[in-house]
Amino acid sequence: MSIETVRLFLREKGFEDRIREFGVSSATVNLAAQAVGCEPARIAKTLSFLVDGRCVLIVAAGDAKIDNSKYKAQFHTKAKMLTPEQALDFTGHAVGGVCPFAVDPDQVTSYLDVSLQRFDTVYPAAGSSSSAVRLTCCELAQLAPSAGWIDVCKGWQEAEF
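Residues numbered from 1 in each chain as written. Predicted model: local features only at pLDDT ≥ 70, side-chain atom pairs only at ≥ 80, totals over all residues. Heavy atoms only, no water.

**Q** What should I look at first to understand the pattern of salt bridges in this one?
**A** A pair can form between side chains of opposite charge whenever their charged atoms are brought close. Following the criterion strictly, the structure yields seven salt bridges and no others. A salt bridge links Glu21 to Arg7; the nearest nitrogen and oxygen atoms lie 2.5 Å apart. Taken together, the positions of Glu21 in strand β1 (residues 19–21) and Arg7 in helix α1 (residues 2–13) put the pair 14 residues apart, joining distant regions of the chain. Since its relative accessible area comes to 14%, Arg7 is described here as buried. (Salt bridge = Lys/Arg side-chain N within 4 Å of Asp/Glu carboxyl O. Helix = DSSP H or I, 4+ residues; strand = E, 2+ residues; numbered from the N terminus. Buried < 20%, exposed > 50% of the residue type's maximum accessible area, 1.4 Å probe, protein only.)

**Q** Is there a simple way to explain the sheet that holds strand β9 (residues 146–150) in this structure?
**A** Strand pairing in a sheet relies on backbone hydrogen bonds, with the paired strands running either antiparallel or parallel. Taken in spatial order, the six strands line up as β8-β6-β2-β3-β5-β9 in an open sheet, and their pairing is mixed. Among the strands making up the open sheet, the edge pair consists of β8 (135–136) and β9. Across two bridges, strand β2 (residues 43–51) lies against strand β6 (residues 121–124) in parallel orientation. Paired with Ala44 across the bridge in β6 is Pro124. The sheet strands contacting helix α2 (residues 29–36) are β2 and β6, and the helix crosses β2 at an angle near 150°. (Pairing = 2+ DSSP bridges. Contact = heavy atoms within 4.5 Å. Axes fitted to C-alpha atoms, helices over the stretch in contact; angles between N-to-C directions.)

What follows is the structure, encoded as structure tokens:
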């Protein structure tokens, strides 16, 4: 079970006590925000893409959307999301619980989008569609393990006047 894999991973790093499990679904940004009791933007959603035959995970703020031109500039290809089956095969986590924890680095590369950096605390999934883990952005970057911070999203910045 994916949450058990994540639980073991986070236990080894000293973060198991941060996992929250819910009696309701947290499979979408809005459902997760309701379950956690926070604004949707603080949900650190993990989006999964196929790049050169490998899985790329992008962890972004709940109110952010992939900007196709920024994505193409970063990865030199069009954004192609994984199917639910591919996401499970690559990450070991089903859609709704996909997270950057306890994944095979030979199969998966994770990135963190700068849209998260405006928050002290964020809530990524913990391997199931009814869980989350409370982390600072620095903790998320250490645990992911992330290949770095990137800027591939839009829609989250306040309008500039």
